[in-house]
Structure formats: structure tokens, C-alpha cells
Amino acid sequence: MKNSIYSEEHRIFRDAFRKFIAREVAPHLGAWEEEGTVPRHMWTRMGEQGFLCPWVDEAYGGLSADFAYSIIINEELGKIGAQGFMVGLHSDIVAPYINSLGTEPQKKKWLPGAVTGEILMAVAMTEPNAGSDLQGIRTKAVKDGNNWVINGQKTFISLGENCDLVIVACITDPDAPNPSKGMSLIVVEDGTKGFSKGPRLKKMGMKMSDTNELIFEDCRVPLDHLLGTENMGFAYLIQQLQRERLICSIYAQTASEAMLEMTVKYCQEREAFGVPIGRLQHNTFKLAEMATEVDIGRNYLDSLLTRHMEKKAIMKEVSMAKWWLAETANRIAYTCVQLHGGYGYMEEYPICRWYRDVRVMAIFAGTTEIMKQIIGKKIGF
Ligand SMILES: Cc1cc2nc3c(=O)[nH]c(=O)nc-3n(C[C@H](O)[C@H](O)[C@H](O)COP(=O)(O)OP(=O)(O)OC[C@H]3O[C@@H](n4cnc5c(N)ncnc54)[C@H](O)[C@@H]3O)c2cc1C
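Quick caveat: nothing in here was measured; it's all calculated off a predicted structure.

*Asks:* Honestly, the overall build of the chain in this entry has me stumped. Any pointers?
*Replies:* Within the chain, the regular secondary structure consists of 11 helices and 10 strands. Relative to a compact globule of 381 residues, whose C-alpha radius of gyration would be 21 Å, the chain shows 21 Å and is just as compact. Along the three orthogonal principal directions, the C-alpha set of the chain runs to about 80 × 45 × 40 Å. Evaluated residue by residue, the chain yields a buried proportion of 55% over its 381 residues. For the chain, long-range pairs separated by at least 24 residues make up 75% of all intrachain contacts whose partners lie at least 6 apart in sequence. For the chain, the computed accessible surface area is about 17,200 Å², with 54% contributed by carbon and sulfur atoms.

*Asks:* Is there a simple way to explain the nonpolar core in this structure?
*Replies:* One recurring pattern in soluble globular proteins is that nonpolar side chains are buried together. Grouped together as the largest cluster of nonpolar side chains are 116 residues, with contacts concentrated most on Val25, Leu77, Phe85, Val166, Ile167 and Met259. Per element, the largest residue contribution to this core is 14 residues, and it comes from helix α7 (residues 233-269). If we ignore the near neighbours within four places in the chain, the residues touching valine 166 are Ala122, Val123, Ala124, Ile186, Val187, Val188, Phe195, Leu214 and Phe216. Counting residues in each nonpolar core, the second largest holds five residues, with Met315, Ile370, Met371 and Ile374 among its members.

*Asks:* In this structure, what is going on with the domain arrangement of the chain? I would like to understand it.
*Replies:* As a measure of interface size, the accessible area lost when the parts come together is often cited. With domains assigned, the chain is organised as domain 1 (2-119), domain 2 (122-230) and domain 3 (235-378). Taken over C-alpha atoms, the centre of domain 2 sits 31 Å from the centre of domain 3. Between domain 2 and domain 3, the contact holds 14 residues from the first and 12 residues from the second. Among the residues domain 2 hides against domain 3, the three largest losses belong to Leu185, Met204 and Met206. Together they make up 45% of the total. Here domain 2 is connected to domain 3 by zero salt bridges.

*Asks:* What am I meant to see in the pattern of salt bridges here?
*Replies:* Pairs may arise between side chains of opposite charge once their charged atoms sit close together. Summed over the entire model, instances satisfying the criterion amount to 27 salt bridges. We note a salt bridge from arginine 23 to glutamate 24, for which the minimum N-O separation is 3.5 Å. What makes arginine 23 exposed here is its relative accessible area of 52%. Salt bridges linked by common partners bring Arg14, Arg18, Glu75, Glu76, Lys79, Glu257, Arg298 and Asp302 together as one network.

*Asks:* How should I be thinking about helix α1 (residues 8-24) in this particular structure?
*Replies:* One full turn of an α-helix is made of 3.6 residues, so residues set three or four places apart face in the same direction. Over its 17 residues, α1 runs 24 Å from end to end, which matches the ideal 24 Å to within 8%, given 1.5 Å per residue. Of all the positions in α1, only His10, Phe13, Arg14, Phe17, Phe20, Ile21 and Glu24 are classed as buried. Projected onto a plane normal to the axis of α1, the buried residues spread over an arc of 130° and lie on a single side. Residues Ile12, Lys19, Ala22 and Arg23 are exposed on α1 and point more than 90 degrees away from its buried face. Its buried side turned inward, α1 meets α2 (29-35), α3 (40-48) and α4 (67-79).

*Asks:* Would you mind going over the environment of arginine 307 with me for this structure?
*Replies:* Along the chain, the position of arginine 307 falls in helix α8 (residues 281-309). In sequence terms arginine 307 and isoleucine 5 are 302 residues apart; their C-alpha atoms lie 10.0 Å from each other. Residues in contact with arginine 307, not counting those within four places in the same chain, are Lys312, Ile314 and Glu317.

*Asks:* So what exactly am I meant to see when it comes to the environment of glycine 152 here?
*Replies:* Residue position: glycine 152 is located in strand β3 (residues 147-158). Counting along the chain gives 15 residues from glycine 152 to isoleucine 137, while the straight-line C-alpha distance between them is 9.1 Å. With sequence-adjacent residues up to four places away left out, glycine 152 is seen in contact with Thr139, Leu214, Ile215 and Phe216.

*Asks:* In this structure, what is going on with a nonpolar patch on the surface? I would like to understand it.
*Replies:* A cluster of nonpolar side chains, Tyr343, Tyr345 and Met346, forms an exposed patch at the surface whose accessible area comes to about 370 Å². Locating tyrosine 343 in the fold gives a position in the loop between α9 (315-340) and α10 (350-357).

*Asks:* Sorry, what's going on with the packing of aromatic side chains here?
*Replies:* The geometry of an aromatic ring pair is captured by the separation of the ring centres together with the interplanar angle, meaning the angle of the planes. Overall, the coordinates contain 11 aromatic pairs when judged by the stated rule. Where tyrosine 266 meets tyrosine 349, the ring centres are 6.2 Å apart and the plane angle is 90°; that geometry is what we call edge-to-face. Linking tyrosine 266 in helix α7 with tyrosine 349 in the loop between α9 and α10, this pair joins segments that are 83 residues apart in sequence. The structure contains a cluster of three or more aromatic residues connected by ring pairs, namely Phe13, Phe17, Phe20, Phe51 and Tyr69. Above the face of the tyrosine 6 ring, arginine 14 is positioned so that its terminal group lies 5.2 Å from the ring centre. The ring of tryptophan 323 carries lysine 372 above its face, with NZ or CZ at 4.3 Å from the centroid.

Reading the values: the criteria
Residues numbered from 1 in each chain as written. Predicted model: local features only at pLDDT ≥ 70, side-chain atom pairs only at ≥ 80, totals over all residues. Heavy atoms only, no water. Helix = DSSP H or I, 4+ residues; strand = E, 2+ residues; numbered from the N terminus. Rg over C-alpha atoms; globule rule 2.2 N^0.38 Å. Buried < 20%, exposed > 50% of the residue type's maximum accessible area, 1.4 Å probe, protein only. Contact = heavy atoms within 4.5 Å. Areas by Shrake-Rupley, 256 points an atom, 1.4 Å probe, with all protein chains shown as cover. Core = buried A, V, L, I, M, F, W, Y, C linked by side-chain atoms within 4.5 Å. Domains from an automatic or database assignment. Buried area = accessible area lost by both parts, 1.4 Å probe. Salt bridge = Lys/Arg side-chain N within 4 Å of Asp/Glu carboxyl O. Expected span 1.5 Å × (residues − 1). Arc of directions from axis to C-beta. Patch = residues over 30% accessible without salt bridge, like charges linked within 9 Å, V, L, I, M, F, W, Y side chains within 5 Å. Phe/Tyr/Trp six-rings, centres within 6.5 Å; stacked < 30°, edge-to-face > 60°. Lys NZ or Arg CZ within 6 Å of the ring centre and 35° of its normal.

Right, here's the structure in full:
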């Protein structure tokens, strides 16, 4: 199944990208974790190499590459524990909004910078009082002359500090019979008067990614910063979720694979009672169970990636993958730390960071419970 979406060019690209990140990303992950962010020059370095938004049309500076290139980039970053870099968010979650909804001038203005890494992109839906229940957002945008005037607050926004552009979900028709019919997506650029970024939030994991509150106080942006049609924002957000949750699923699966690999190695080397700990039957069985789950996860994910590339509507299946792969990664993280014993609790051992980092995978981009709600609806409840 997996080979069906990859050509020789994809394999060459994967090899080149793997070498690039082994040289320029992996050695710095610890420092970025300490710093709480990834330095800006790393983004432009990625851009120079064609590793950001490779799918963007050549007319806007991209490579017109297919989705398999995005899969490769996210998989390889996932395998080395660089999901907190947030490349997937910028390249494959936010920039596609500009591409699919933007007017020609909007695309010309923002896409080339997304490709070079000079315009980092974030999306702001969540608010202090509304996360899962997106229809409960309160940030408002009202028209005043040639401007939208935005007031409100967003929270937990990834790339919130470094972003040069943020797509903000706003209520534009408070009288709509249903908030989902009165929401719009509006682009706000960094430096716009009335737009400020709160201090970086201190998180349990994914510490290299900057996550912030964003504040809008009489923030005026031109009317032509509206993305797509007014009051269609909620429908657009739903449309984009299939790809967004597939990217999250890639990160969860690659995390499980990486954690299993490092734990198998540890269990071969560490001895207790005169044998490698992996040979103690309880541990062999734990490793066998994890290997089974990782294999099932990989096959299911690959089948969905193929179907997504065939432009199939697989929202139910992607919701299944998002929750199951995230929960599996968390179960695997727990067992892998256990198999490392006390060393698993030490920062010096990578499994310690993985354990923290995978926790959020069952929370962001739609929680496990929300995924089950979607699946429930699709199967008739
Ligand atoms: C590190 C990180 C990065 C993030 N990045 C972004 C970002 O870039 N942009 C952005 O907009 N948001 C971002 N988020 C926000 C994220 O999407 C939300 O945290 C998530 O959707 C959950 O919303 P909430 O935190 O308000 O929890 P709540 O919605 O308050 O949920 C609390 C609990 O109640 C459960 N619950 C809620 N509704 C139901 C229901 N109907 N049935 C059963 N259980 C339910 C939830 O599953 C959860 O367990 C990020 C979050 C984190 C932690």
C-alpha cells in the first residue's frame, strides 16, 4: 500500500530531506526545547531548500509538488521528534487556506513568503471560553468604512509568537440563526495596530513550539483581508479538517514508531536477572503488543493517505485515525517509559520528552471525544 504513492523522485526527496534534518535540525532540538521556540533562520533555511509548502504552485514560488512530499516532510520530522517545529502547521494546515480560499492578489501577496519561510502562518480559532465548541467563539469583526474592526482574544495559538500572519475566526454576523452561519476567516498581519501577542505559554510538552494568546483590540484590517465568502468561515474550517487531522495522525504514528524502536533497542541492551529485559516474558509480550499496534496503525494510516491523495472524502476514517493513533501513541509512551525503568524518567533519555510531547496529540486539532462524536454522527447517532 505504502509504495503506491511514492515514486523514485519521492524516494530521492525523502533521502535528501532526511540527510538535511539529520544535519541541521536533529542536533538542535534540545537547544530549541530549552529556548521554547525554533529560531527564525531555521524557517528560511527550510524555505531555501524547498522544504516549506512544496505543493504551492510554481506561479507563487512553490514546486507544484503532490501531497506525498508533504507526507514525507512530516513523517521524517515526526520520526526525529521535531513535531514541535510546527512545519506541518505552517505548510500543510494554514497555508492551504490561503491557497484554496484566497483571491489572486491574496495568493500573490502571501504564498511566496510562506514558501521561503519569510511569512510564518498561524490559525486562531480557540478562545479562552471556546475550544471544542467552536460555535461559541466571541471574537467579532465589524465593517467600518474600508476596514474590518476586530475585537477579541484567542488562546493556545501555535506559532503565536513567531507568526507574521494569522487567520482569525471571527463572528461577522451576530444575528445569524446559528453561529456557524455567521463566522468568517480574516487575515491579520503581524504589526497591525491593535493586534498584540501575549507572553509565550508554558506547556507540558512540545516545548520548542511557541504557543501564545493573541489579543485584538480595535484591530483594523482592510476589507480585502477576508478569506473566501463572508459568513462561510465555519464551513471552510470543517472543509480543511480532513488534511489537518491526517497531518496530526502522521505525527502520532511516527511517534509510536520512534518510541517502539528506541525501546526495543533499550530492552535488548539493558539486563536484569541475567537476561536482556526484553526477554522477560511480560516485557516480550508488551513489546509484541506495541509492535502489533504500530503495524496496524501504519497500515491504516497509509491507506488513508492514499485515499486522501485520490481526493476521497474520508472524514469519518480520518477522525478514527486521529483519535486511535493519538491514544495509541499515549499508551505506547506510557509502556515505553515503564520499560526504561528509572532512566525513562530522566531528561537525558529521549523517551522522557516523547512521553510529554504525545499527550497533546489527543487534545489539539479536535479532542479524542470530539473525534468520537463525529464518528458517532457518521454511523447514525
Ligand atoms: C499545544 C496546543 C496547541 C494548539 N494550537 C492551536 C492553534 O494553533 N490554533 C487553535 O485555534 N487552537 C489551538 N489549540 C487549541 C486546541 O485545538 C483546543 O485546546 C482543543 O480543541 C480543545 O478545546 P479546549 O481546550 O477549549 O477544551 P474544551 O473544549 O473545554 O474541552 C474540555 C474537555 O471536554 C471534552 N468535551 C468538550 N466537548 C465535548 C463533547 N461534546 N462531548 C464529550 N466531551 C467533550 C473535551 O474532549 C475535553 O476533554 C492548541 C492547543 C494546544 C494544547
